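Residues per chain, in single letters:
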Amino acid sequence: MKPSFSTEENRMYNKMWHQTQEALNYVLDKESQKMIEPQRNQVFIFQMLATFYIKYVQIFKDMENVYDQIVHPQKRILIRKILDAVMGRILELKNEMVELELTEFHYFDDILQDLKLVPQQLDIPIPKYFLKEKLEVIKGREKILAQILAESGLDTAKVKYSVKGIPFEEAIKLIQIAERARQGRLRALFMKQIYLREYRAKQAKIFGEKFADAGAAALCIQKVWRRFYQCKKTGRQREEEMIFLGMSPPPLFNEVSATIMQAEKVNLLRNEVQTKHEEDYKEAMVIIKDDLKLIEGPDIKETLQDQIWHWFIECRNLTGTFPEYPEVEEGGSAIIFTNKTPQQVIEDIIANQEEEEKNRKKKKGKKPKKAKKKKPNKKAKDKEEDEEWKMSPSVFLRTMEEGNNSYKDMWMNKDESWNFSQDYDPDLVKEEKRKELESEIRLQVDELMRQELKNLKLAVNREKEYPVRAGKKRGKKKNKGRKKGKKGKKDKDLTADRTIESLYKELVQEGLLIRPLTVNLSDYIGEYNYLGTTLRQLSIEPMPSLLDVRQLITLYGILPLGSAAVHEKAPLVKSLLLVGPSGVGKEMLVHAICTETGANLFNLSPSNIAGKYPGKNGLEMMLHVVFKVARQLQPSVLWIQDTEKTFYKKVPNAEKLNEPKRLKKQLPKILKLLKPDDRILIVGTTQRPFDAELQSFCKVYQKIILIPRPDYASRYVLWKQIIQRNGGVLTNALNVSCLAKVTDGFTQGHIVEVVKDVLTDQRLWQQGRKPLTAGEFIAVMSSMNPVYQEEEESFKNWYAKTPMGRKRALALTGGGTERNKGKKEKKGKKEKKKK
């Protein structure tokens, strides 16, 4: 029995899709207009790019939600195509903004204000299909990894710590100590009860005369009760006021409501229906194709043969010779008859022959004179250099337009009143499979008709294949062979006799392929920078916020690795460097990339590869095995922790035996070998980038992300979230704002460590009668060393020396953008050559 749910939900998501398509159509029209108009004003250009970026992000969020929930299989194919194209366009626009502003971080405060949006609406979602479509593969891989780790004894999660035995006499002494302590506590409790009883008796004798009157005693009790009641009432009213003003969350704010639970159940049900409809659609494609082959196949074959025979005869009648049949590589007969009637084909042939005759007459006439080389005009060159800014051509715009046109043709005004369950449309399947069947039959007919044409030529004209034509073909083959020779030899497969499974096992046993921690990117908590645009207008470069960093990880790491279609065509990011002080979450972000994309994690840190695969041949073998497995089981992340050691200026004496610079010469070669279809990302993390050679360091890492210590807003959110996640209860006694202010300079790692130290099981149990206070956390944190302002300045100064930092500094001092700078450099080189 098929799972079913209300048609209202289907209508709701269909309506959402139509609205998203309308928004996409509007943005595509606007963008096509803006691309034609050249611009000069850099501020206007950035605002235009940022506006398109924000619009596409909103479309992407809605389209991702629609793709996740719609159950119609044929609609999902089209939505997926558009979704990937929108994703790629977002990456292209981000790349355009980076080239324009020469910085990885951008702020849209003024544009968001104009569009009446909040910064949270710019948060880029991670498509759920990244994991959903390969869930079984990931689960199978995790089982194999766990099995290899268990067999090798490397599974640290399941290691049973052995308890050391103690002598019998010491065990008796420990039991005696524990028993005496228990008896002492009981005796102390008993003595306390006796003391309280005696104290009450004394107090009764002293105050007995004072409260002899029952009325006075009742009045005293009333005063105490009224004071207690009024305090409680005032406190409750204050809480209600704070909730009304939005300063405090409502009582059941953190509890999961029944509505949300029901929505999750419906989502699971829709996923089941999606899977069922996909299976039905795949079965239908095979069955319908077979039926079409039986019923319409012979008719299609006969029609094609008649069409080609008619072409042969008409060409013979009009030109006196039979035509040359197109080769398979050229497209066969399809190249002639695509969207043309036989009469139109004949007219094209006559026109081509007339042109050939005219060209022959011209060649027999005058010899062509040699064209004089014109001297380049300096003024023309200067004009070219001062050209207005134009947007780079997009790879994804055409795909989006095709998808949008397909939506308009097929789904925009389609009547689906008959399709309540949103199953596949058999008419569309027939149309698609009919085209596929026709192309297959055409190949067979082409082979047959080529032979028929040869027979006709022999029978009518007594013609054979000309040797000149054969010679030309041979010449082409030779040239092809030469071209292949120029490319050079292919890399030898050093492990051709081994399976991927055995190589995978070897890497796990060597500790080079590790299990990533299950961490979502949403667990990287922070807040937005709300003053970025204002500070830049005052010529002050703001430090990025934690959510800005999180967004870059999504754009450069997760989206390209998750989608093969996007990775192949979008601006290629092969390597990523995360720079920042200890405790800011660099390692967590690496694990989050793997968790969100289902990627394998290879640890090529200098400390991890020390002593493994020794020698030059060993290093070559290690890299060969790693990249062979990474390509086969992509997406993959190659993590190099403490990557500055690979590029040491001078290796410390204590680390010389470990050979930390083993990969220095190999990494640039590896990057050159990575192609767009290789979903492999090299991620380096470092907390001491100043120890590395800057030039070679920046050559390897394409994108450098500087992660700062958290600002006040991020610390405030961090304290609240981490305390609640560890079982703490936020009350008025705990001043979170004070905690965030006092802990300036401390990182996320410090906050997590402090919260875990304070919130022990005993302290969590005491929260009911003894609420948490800020002093408890500050007392523990006072023994830790923060990240001082000087250390953060040293990171900023180092980043200013990187290629992107230098370009940004040059642009701020009036040096212009990267494109203008490149033009000036070319102009300078030409002038030098002339001199």
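Below is a short write-up of the structure. Predicted, not measured: the structure shown is a model, and the values here were computed from it. (Residues numbered from 1 in each chain as written. Predicted model: local features only at pLDDT ≥ 70, side-chain atom pairs only at ≥ 80, totals over all residues. Heavy atoms only, no water.)

1. Regarding the overall build of the protein
Broken down by element type, the protein carries 33 helices and six strands. Here the analysis covers contacts within the protein between residues at least 6 apart in sequence; of these, 84% occur between residues at least 24 apart. Entry remark: accessible area of the protein is about 52300 Å², with carbon and sulfur atoms responsible for 54%. (Helix = DSSP H or I, 4+ residues; strand = E, 2+ residues; numbered from the N terminus. Contact = heavy atoms within 4.5 Å. Areas by Shrake-Rupley, 256 points an atom, 1.4 Å probe, with all protein chains shown as cover.)

2. Re the environment of arginine 141
In this fold, arginine 141 is placed in helix 6 (residues 135-152). A relative accessible area of 18% places arginine 141 in the buried class. Residues arginine 141 and leucine 633 lie 492 residues apart in sequence; the distance between their C-alpha atoms is 9.7 Å. Here arginine 141 is in contact with Tyr504, Gly598, Ala599 and Asn600, once residues within four sequence places are set aside. (Buried < 20%, exposed > 50% of the residue type's maximum accessible area, 1.4 Å probe, protein only.)

3. With respect to the packing of aromatic side chains
Counted under the stated rule, the structure contains 20 aromatic pairs. Within the aromatic cluster, the residues linked to one another by ring pairs are Trp309, Trp311, Phe312 and Tyr325. Of note, arginine 76 hangs over the ring of tyrosine 67, and the distance from its end group to the ring centre comes to 4.3 Å. (Phe/Tyr/Trp six-rings, centres within 6.5 Å; stacked < 30°, edge-to-face > 60°. Lys NZ or Arg CZ within 6 Å of the ring centre and 35° of its normal.)

4. Structural notes on helix 26 (residues 712-725)
Helix length check: helix 26 (14 residues) gives 20 Å between terminal C-alpha atoms against 20 Å at 1.5 Å per residue, within 8%. When we look at burial in helix 26, the residues that qualify are Ser714, Arg715, Val717, Leu718, Trp719, Ile722 and Ile723. Count one or two residues on from helix 26 and you reach glycine 727, which has phi positive near 95°. (Expected span 1.5 Å × (residues − 1).)

5. Re the environment of alanine 23
Along the chain, alanine 23 falls in helix 1 (residues 7-36). Given the relative accessible area of 33%, alanine 23 is considered partly exposed.

6. Section: empty space enclosed by the protein
Across all of its chains, the model carries four cavities of 30 Å³ or more by this definition. Computed from the structure, the largest cavity encloses a volume of approximately 230 Å³. The wall of the largest cavity is formed by 18 residues, among which His106, Tyr107, Phe108, Asp548 and Gln551 lie closest to the centre. Of all the secondary-structure elements, those providing two or more residues to the lining of the largest cavity are helix 4 (109-115) and helix 19 (546-562). It is helix 19 that provides the largest number of residues to the lining of the largest cavity, a total of four residues. Classifying every residue of the lining of the largest cavity by side-chain character gives 11 nonpolar, three polar and four charged. (1 Å grid on protein atoms, 1.4 Å probe; cavity = no way out; pocket = protein on both sides within 12 Å on 5 of 7 lines; lining within 4 Å. Points joined across faces, edges and corners; volume = space filled by probe spheres on them. Nonpolar A, V, L, I, M, F, W, Y, C, P; charged D, E, K, R; others polar.)

7. Observations regarding the nonpolar core
Residues Tyr53, Tyr56, Phe108, Ile705, Trp719 and Phe777 are the most contacted members of the largest nonpolar core, which totals 150 residues. Membership of the second largest hydrophobic core comes to 21 residues, among which are Ile300, Phe312, Leu437 and Leu453. (Core = buried A, V, L, I, M, F, W, Y, C linked by side-chain atoms within 4.5 Å.)

8. Describing the pairing of strand 2 (residues 575-579)
Strand 2 sits mainly inside the fold: five of its five residues count as buried. Residues Ser575, Leu577 and Val579 line one face of strand 2 and the alternating positions Leu576 and Leu578 line the opposite face, and both faces are buried. In this sheet, strand 5 (residues 680-686) lies alongside strand 2 in parallel orientation, the contact comprising five bridges. When the bridges of strand 5 are listed, serine 575 appears paired with isoleucine 682. As judged from the four bridges shared by strand 2 and strand 6 (residues 703-706), these two strands associate in the parallel manner. Looking across to strand 6, one finds that leucine 578 is bridged to isoleucine 705. (Pairing = 2+ DSSP bridges.)

9. Side note on the pattern of salt bridges
One side chain can pair with another of opposite charge once the charged atoms of both are near each other. Inspection of the entire model under this criterion finds 33 salt bridges. For lysine 81, the salt bridge is made with glutamate 402, and the minimal N-O distance between the two is 3.7 Å. Taken together, the positions of lysine 81 in helix 3 (residues 73-101) and glutamate 402 in helix 14 (residues 396-410) put the pair 321 residues apart, joining distant regions of the chain. What makes lysine 81 partly exposed here is its relative accessible area of 33%. Exposure remark for glutamate 402: the relative accessible area of 36% places this residue in the partly exposed category. With a closest N to O distance of 2.9 Å, arginine 536 and glutamate 541 form a salt bridge. Under the relative-accessibility criterion, arginine 536 is labelled buried at 17%. (Salt bridge = Lys/Arg side-chain N within 4 Å of Asp/Glu carboxyl O.)

10. Side note on the side chain of threonine 747
When you line up the elements, threonine 747 lands in the loop between helix 27 (736-742) and helix 28 (748-758). If we skip the residues at most four places from it in the chain, threonine 747 touches Ser582, Gly583, Val584, Pro710 and Val787.

11. Comments concerning the side chain of glutamate 527
Relative to the helices and strands, glutamate 527 resides in the loop between strand 1 (513-514) and helix 18 (532-537). Buried within the structure, glutamate 527 lacks any salt-bridge partner; its nearest side chain of opposite charge belongs to arginine 550, at an N-O separation of 8.7 Å. Those residues in contact with glutamate 527, other than ones at most four positions away along the chain, are Gln120, Ser545, Leu546, Leu547, Ala713, Ser714 and Val717. (Lys, Arg positive; Asp, Glu negative; His and termini not counted.)

12. Let's talk about the sheet that holds strand 4 (residues 636-641)
With mixed pairing, six strands are arranged side by side in an open sheet as 1-3-4-5-2-6. The open sheet terminates on both sides in strands that have one partner only, identified here as strand 1 and strand 6. Where strand 4 lies against strand 5, six bridges are found, and the strand directions are parallel. Residue pairing across strands places leucine 638 opposite isoleucine 682, the latter belonging to strand 5. Contacting strand 2, strand 4, strand 5 and strand 6, helix 19 runs over the sheet at an angle of about 150° to strand 6. (Axes fitted to C-alpha atoms, helices over the stretch in contact; angles between N-to-C directions.)

13. A look at the layout of surface pockets
When its volume is computed, the largest pocket comes out at roughly 1200 Å³. Every residue lining the largest pocket is counted, 29 residues in all, and those nearest its centre are Met247, Ser248, Pro249, Leu730 and Asn732. At the level of secondary structure, the elements contributing two or more residues to the lining of the largest pocket comprise helix 8 (214-245), helix 26 and helix 27. Its residues assigned to classes, the lining of the largest pocket comprises 13 nonpolar, 11 polar and five charged.

14. Things to note about the packing of helix 19 against helix 21 (residues 586-597)
Across the interface, helix 19 lies against helix 21 with an axial gap of 10 Å and an inter-helix angle of 40°. Taken together, the axis directions place helix 19 and helix 21 in an arrangement best described as oblique. As helix 19 runs across helix 21, the sense of the crossing is right-handed. In this structure, helix 19 contributes Val549, Ile553, Ile558, Leu561 and Gly562 to the contact, and helix 21 contributes Leu589, Ile593, Glu596 and Thr597. Here the residues of the contact of helix 19 with helix 21 are counted per class, giving six nonpolar, two polar and one charged. (Parallel < 35°, antiparallel > 145°, perpendicular 65-115°, else oblique. Left-handed = near helix turned anticlockwise from the far one by under 90°.)

15. Considerations on helix 6
Owing to its 3.6 residues per turn, the α-helix brings residues three or four apart onto one side. For helix 6, which comprises 18 residues, the first-to-last C-alpha distance of 26 Å matches the rise-based estimate of 26 Å (1.5 Å per residue) to within 8%. Directly beyond the C-terminal end of helix 6, a positive phi value near 75° is found at glycine 153.

16. What to know about the packing of helix 3 against helix 9 (residues 258-295)
With their axes 9 Å apart at the nearest point, helix 3 and helix 9 run at an angle of 100° to one another. Comparing their axes, helix 9 and helix 3 come out roughly perpendicular. Along its contact with helix 3, which presents Pro73, Gln74, Arg76 and Ile77, the element helix 9 presents Gln274, His277, Glu278 and Tyr281. Partitioning the contact of helix 3 with helix 9 into residue classes produces three nonpolar, three polar and two charged.

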